[in-house]
Amino acid sequence: MKDNYNFISFKDENIEINFSTANNDMNFNCNVVEGRTNINKIKNWFGIDEIAYLNQTHSDIICEYDKSIHEGDAIYTNEKNIAVGVFTADCVPILIYDKRKEVVAAVHSGWKGTLKKITYKTISKIVNEYGSDPKDIKIYIGPHNRGCCYEFGREALEDFNNDELYKDLNIYSKGKLDLSKCIVEQILLAKVPKENIIDLQICTFCSKEYKMFSFRKDKGSSRLFSFIYIKK
């Protein structure tokens, strides 16, 4: 791991994985000029040709990178030097890759996306389209509002309790929902080995080690950006 406190970064041969922090108040909200400016700066900072992202809608829509901005919450590509990324400020960013088949994906998963199993569906898409072996897929779960802090109402929890995948999991304690535990279950359902899952264990709400944006804590519009790309 390479960590300069602006980004938490990892490298696996030709794959680069990066999670931004809120250090220096670096905002990546694509709906404001400051955010779009910072997104474009990534090209120079990391030597990337293009930055690909979506208009996120808390859906289970998965898009292949095609140089356009679509509505959806997961984006994937096998093109080199094209970063695919997602914006978060409490929701879960998930970065997925198969370095053997050279395909990468970025997933935005709040409670709605988690309930719709967007991570499982994205892995399935990669397996079906690229012939990936789930054993070759690795997955990073980035900073988000974790089970220690993510307050979640019992009414909405019923949807999780009624879901076959989640109903027997211990995902709710003291009024708080553990999204990462749900997402890990999706990954295992897709037959990705548990040892291929890297959870950063960073909470956007209570982290003392890293400065993070948290919508629930800060009530602001600033966003983190998590992205992954295949180096040339």
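A tally of regular secondary structure across the protein gives six helices and 14 strands. A compact globule built from 232 residues would reach a C-alpha radius of gyration of about 17 Å, and the protein, at 16 Å, matches this within 12%. By its C-alpha atoms, the protein is 45 × 40 × 30 Å across when sized along the principal axes. Residues classed as buried in the protein amount to 54% of the 232 residues present. Considering only contacts in the protein between residues 6 or more positions apart, those separated by 24 or more positions represent 65%.

Turning our eyes to something else, we now look at the sheet that holds strand β10 (residues 137–141). Spatial strand order, β5-β6-β9-β8-β10-β13: six strands in an open sheet with mixed pairing. Each of the sheet's edge strands pairs with one partner strand only, and the pair in question is β5 (62–64) and β13 (197–199). Taking each pair of neighbouring strands and ignoring which way they run, the sheet shows an average axis angle of 15°. Across seven bridges, the pairing between strand β8 (residues 92–98) and strand β9 (residues 103–109) is antiparallel. Its bridge partner lying in β9, tyrosine 97 is registered against valine 104.

What follows deals with the side chain of serine 214. Counting through the fold element by element, serine 214 comes out in the loop between β13 and α6 (215–218). Serine 214 has contacts with Ala89, Asp90, Thr204, Phe205 and Lys219, leaving out every residue within four places of it along the chain.

For the coordinates displayed, the defined rule picks out 14 salt bridges. Between glutamate 13 and lysine 99 there is a salt bridge; the shortest N-O distance is 3.5 Å. Within this pair, whereas glutamate 13 is found in the loop between β2 (7–12) and β3 (15–20), its partner lysine 99 is found in the loop between β8 and β9, the two being separated by 86 residues in sequence. Its relative accessible area of 59% is what places glutamate 13 among the exposed residues. A relative accessible area of 28% places lysine 99 in the partly exposed class. Here the salt bridges do not stand alone but share partners, grouping Asp12, Glu13, Lys99 and Lys138 into one network.

What counts and what doesn't
- Residues numbered from 1 in each chain as written.
- Predicted model: local features only at pLDDT ≥ 70, side-chain atom pairs only at ≥ 80, totals over all residues.
- Heavy atoms only, no water.
- Helix = DSSP H or I, 4+ residues; strand = E, 2+ residues; numbered from the N terminus.
- Rg over C-alpha atoms; globule rule 2.2 N^0.38 Å.
- Buried < 20%, exposed > 50% of the residue type's maximum accessible area, 1.4 Å probe, protein only.
- Contact = heavy atoms within 4.5 Å.
- Pairing = 2+ DSSP bridges.
- Axes fitted to C-alpha atoms, helices over the stretch in contact; angles between N-to-C directions.
- Salt bridge = Lys/Arg side-chain N within 4 Å of Asp/Glu carboxyl O.

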